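What follows is the residue order along each chain.
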Amino acid sequence: MIRTFRENDLTAVMQIWLDTNIKAHRFIQEEYWTANYAAVKEMLPQAEVYVYEDDATHQIAGFIGLTNNYIAGIFIEEAARSKGIGKQLLSYVKEIKPVLRLNVYQKNVRAVAFYLREQFIIQSENLDESTNEKEFVMNWSK
């Protein structure tokens, strides 16, 4: 089930955020993510966030965070990856947003392939100055 983020989801969502970033971005020092944890935890409740909650266990298995039409990220817990949850979350926001954009690290090959499969188009590339990593700017529109 996909639903709107609730305040009491914050602990579970932040654990997924941290674990996913560390594992998906092995090319970035783990300290980068732990150093940004508090700031993200403070900002996340102000974002537009949708969570995927397992119908049977009522545990959050993933979430998508947006600011207007910008996807800040799709985060799926490790045990739930490659089961279509990211696609369901993305499809959900595609229904309510006419245009979406995002930045994705070029070295995150799985994520780049996922977004290309989901009809996102690479518009440009730039350098994330906080990590010194190249990233793609990708867009999608109905």
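Note: the structure precedes this text.
A.B. asks: So, the overall build of the protein: which residues are in play, and what are the values?
C.D. replies: Of the regular secondary structure elements, the protein holds 4 helices and 7 strands. On C-alpha atoms alone, the protein measures out to a radius of gyration of 14 Å, which is about the 14 Å that the 2.2 N^0.38 rule sets for 142 residues. For the protein, the spread of C-alpha atoms along the three principal axes comes to 40 × 40 × 30 Å. Of all intrachain contacts in the protein linking residues separated by at least 6 positions in sequence, the fraction that spans at least 24 positions is 57%. Only carbon and sulfur atoms are counted for the fraction: they give 50% of the accessible area of the protein, which is about 8200 Å². Of note, the protein has its 16 positive side-chain charges centred 5 Å away from the centre of its 19 negative side-chain charges.

A.B. asks: Tell me about helix 4 (residues 109-117), and name the residues and values.
C.D. replies: Where helix 4 is concerned, the buried positions are Ala111, Val112, Phe114 and Tyr115. The arc enclosing the buried residues of helix 4, seen along the axis, measures out at 160°, which places them on a common side. Seen from the buried face of helix 4, the exposed residues on the opposite side, beyond 90 degrees, are Val109, Arg110 and Arg117. Gln119 lies just past helix 4 and shows a positive phi near 70°.

A.B. asks: Could you give me a rundown of the nonpolar core, with the residues and numbers involved?
C.D. replies: If you look at the biggest cluster of nonpolar residues, it comprises 24 residues, and the most contacted ones within it are Ile64, Ile71, Ile74, Leu90, Tyr115 and Phe120. Elements supplying a minimum of two residues to this core: strand 2 (48-53), strand 3 (60-67), strand 4 (70-76), helix 3 (85-96), strand 5 (99-105), helix 4 and strand 7 (133-141). In this structure, Tyr115 is in contact with Ile74, Leu90, Leu102, Val104, Phe120 and Met138, ignoring residues within four places of it in sequence. Ile22, Leu44, Phe63 and Phe75 belong to the second-largest nonpolar core, a separate cluster that totals 18 residues.

A.B. asks: Outline unusual backbone geometry, listing residues and values.
C.D. replies: Although it is not a glycine, Ser82 adopts a positive phi angle of roughly 65°. Tracing the backbone shows Ser82 in the loop between strand 4 and helix 3. What makes Ser82 exposed here is its relative accessible area of 66%.

Criteria and thresholds
Residues numbered from 1 in each chain as written. Predicted model: local features only at pLDDT ≥ 70, side-chain atom pairs only at ≥ 80, totals over all residues. Heavy atoms only, no water. Helix = DSSP H or I, 4+ residues; strand = E, 2+ residues; numbered from the N terminus. Rg over C-alpha atoms; globule rule 2.2 N^0.38 Å. Contact = heavy atoms within 4.5 Å. Areas by Shrake-Rupley, 256 points an atom, 1.4 Å probe, with all protein chains shown as cover. Lys, Arg positive; Asp, Glu negative; His and termini not counted. Charge placed at Lys NZ, Arg CZ, Asp CG, Glu CD. Buried < 20%, exposed > 50% of the residue type's maximum accessible area, 1.4 Å probe, protein only. Arc of directions from axis to C-beta. Core = buried A, V, L, I, M, F, W, Y, C linked by side-chain atoms within 4.5 Å.

Keep in mind that these numbers describe shape and distance, not what the molecule does.
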